[in-house]
Amino acid sequence: MNFKEYILNRIKKDDYRGFHLSQHNRLPFDKVLKILTIIYEIAKDEKFNIHIGDWKGVKQENCDTYYKIVQKINDATEQCTVNSLKKNIFPDLHRMGLLERYDKNGNLVQQYVKTHIYSVKLSENAIKFINEKEIRRQYKIYIESTEKILEPILDELFYLLYNKYDAINVYEYMYIISDPNIKTNEKISLINNFRKLKKIEQTQISEDIKEKFQQINKSAKNKSEKRDFGNWYNESLQVFNLLNQTVYFKTFRKTFLMLSISQEAYEFIATRSQQEKEKYFEWHKVSKKEGFELHHIYPVSYATTRKQLELIDNHKNLIYIKSSTHKEVSKNKNLVRLEYKENKIFLTNPNNNKSIDITNDVIVDINNIQEMLKYNSKILNSIDNL
């Protein structure tokens, strides 16, 4: 199956994002416990009404309990409003089996059913979670609850990572695995096809999608017809964050997903990564300086296998540049080729040969530049075969 053809067809659809598992919330253990404890302190196990519609500064009748909960959660977290609690946090707590939601007629609303919610109450599992005195058992309840959000994708991801791949990056999840409309064997074919593309081609696809979204949004008649690349990407990162909290999976640098049983190898790489950073300073005989940051010339985020990661995460693929320049480089995708011409250092995009002159913004031992150029060439020529 051709990946480029597939992705261009997928983004035309209104359900292009695929599985919608979470509301972009970061709901770690401590935060969930705090929110549920506050609800329990105020409402106990009783059902209570919530604010209907968007908040416009006017309180509604019979919603006092809800407003008290909103205020107390906001006092504790500084992250809660009348709208965010019912629109963002409550749906995730519902999917976790920690909250029950009810419609206008007092009927219990099932998970993933879209309807207007009028009241809520803590579930029996939530009360068990709050009252559990043994922290390990309490955390176990939390993990099991988190897994309920992820249930639609757990088995397939485990299969892919156990049988097919060392790791899956966030773009492979976002573009392929998150699609509920294709079968697992089709996803394997697409991932393989995607990985055959050069890394700079993969990155260019993201830029092409963003450009296509801008075109779609110009002619969109309503919100449902619009496309948002940033939200799609952030939603995928949030799924990785949730998967990281299960017993099955671990993330590496937030954008790589692997099985927990693979974690030892990646922890080794993480340790090695710090060593490579220290090697940079030794190799170039420079000291750390305020306002400068280490930057991977060929980005770590482009790696999709452990071998690629090991090749990229090397002191010869690092440069120490001004923070302001680092931001500029990060905005310009595919500046992955290192060049040295007429005593000037450049980062260049191989796709269009556009360059940024970093000569005055980099701290480097010029005696090492030829070896750095050779290593950069090695990465560019061999990365797609690993």
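Residues numbered from 1 in each chain as written. Predicted model: local features only at pLDDT ≥ 70, side-chain atom pairs only at ≥ 80, totals over all residues. Heavy atoms only, no water.

K.L.:
Honestly, the overall build of the chain in this entry has me stumped. Any pointers?
P.N.:
Along its length, the chain carries 14 helices and twelve strands. Taking the principal axes of the C-alpha coordinates as reference, the chain spans close to 75 × 45 × 45 Å. Across the 386 residues of the chain, 50% fall into the buried class. Considering only contacts in the chain between residues 6 or more positions apart, those separated by 24 or more positions represent 64%. Of the roughly 20300 Å² of accessible surface on the chain, 45% is carried by carbon and sulfur atoms. Taking the average place of the 63 positive charges on the side chains of the chain and the average place of its 51 negative ones, the gap between the two points comes to 2 Å. (Helix = DSSP H or I, 4+ residues; strand = E, 2+ residues; numbered from the N terminus. Buried < 20%, exposed > 50% of the residue type's maximum accessible area, 1.4 Å probe, protein only. Contact = heavy atoms within 4.5 Å. Areas by Shrake-Rupley, 256 points an atom, 1.4 Å probe, with all protein chains shown as cover. Lys, Arg positive; Asp, Glu negative; His and termini not counted. Charge placed at Lys NZ, Arg CZ, Asp CG, Glu CD.)

K.L.:
Is there a simple way to think about the sheet that holds strand β12 (residues 362-363) in this case?
P.N.:
Two strands in a sheet stick together by hydrogen bonds in their backbones, pointing the same way (parallel) or opposite ways (antiparallel). The three strands are arranged β7-β8-β12 in an open sheet whose pairing can be described as antiparallel. A single partner strand is all that each edge strand has here, and the edge strands are β7 (292-296) and β12. Two strands pair when backbone bridges link them, and β7 and strand β8 (residues 318-322) are joined in this way by five bridges, in the antiparallel orientation. Within β8, the position partnered with Glu293 by the bridge is Ile321. Its contacts with the sheet place helix α13 (residues 323-331) against β7 and β8, and it is angled at close to 115° to β8. (Pairing = 2+ DSSP bridges. Axes fitted to C-alpha atoms, helices over the stretch in contact; angles between N-to-C directions.)

K.L.:
Help me understand the pattern of salt bridges in this model?
P.N.:
Pairing between side chains becomes possible if they bear opposite charge and their charged atoms approach one another. Counted according to the given criterion, the structure contains 15 salt bridges. For Glu156, the salt bridge identified is with Lys187, shortest N-O distance 2.7 Å. Here the residue Glu156 occupies a position in helix α6 (residues 135-163), and Lys187 occupies one in helix α8 (residues 184-196), the gap between them amounting to 31 residues. Residue Glu156 shares its accessibility class with Lys187, and that shared class is buried. Across the pair Glu207 and Lys210 runs a salt bridge, and its minimum N-O distance is 3.5 Å. Highlighted residues: Glu207 and Lys210, both in helix α9 (residues 199-219), separated by three residues, approximately one helical turn. For Glu207, a relative accessible area of 24% translates into the label partly exposed. Among the residues examined, Lys210 registers a relative accessible area of 29% and is labelled partly exposed. (Salt bridge = Lys/Arg side-chain N within 4 Å of Asp/Glu carboxyl O.)

K.L.:
Sorry, what's going on with the packing of helix α3 (residues 64-77) against helix α4 (residues 82-95) here?
P.N.:
Geometrically, a packed helix pair is captured by the angle between its two axes and the distance between the axes. Contact geometry for α3 and α4: axes closest at 9 Å, N-to-C directions at 85°. With respect to each other, α3 and α4 are oriented roughly perpendicular. On α4, the residues that touch Tyr66, Tyr67, Ile69, Val70 and Ile73 of α3 are Val82, Leu85, Lys86 and Phe90. Its residues assigned to classes, the contact of α3 with α4 comprises eight nonpolar, no polar and one charged. (Parallel < 35°, antiparallel > 145°, perpendicular 65-115°, else oblique. Nonpolar A, V, L, I, M, F, W, Y, C, P; charged D, E, K, R; others polar.)

Purely geometric stuff here, so don't read any function into it on its own.
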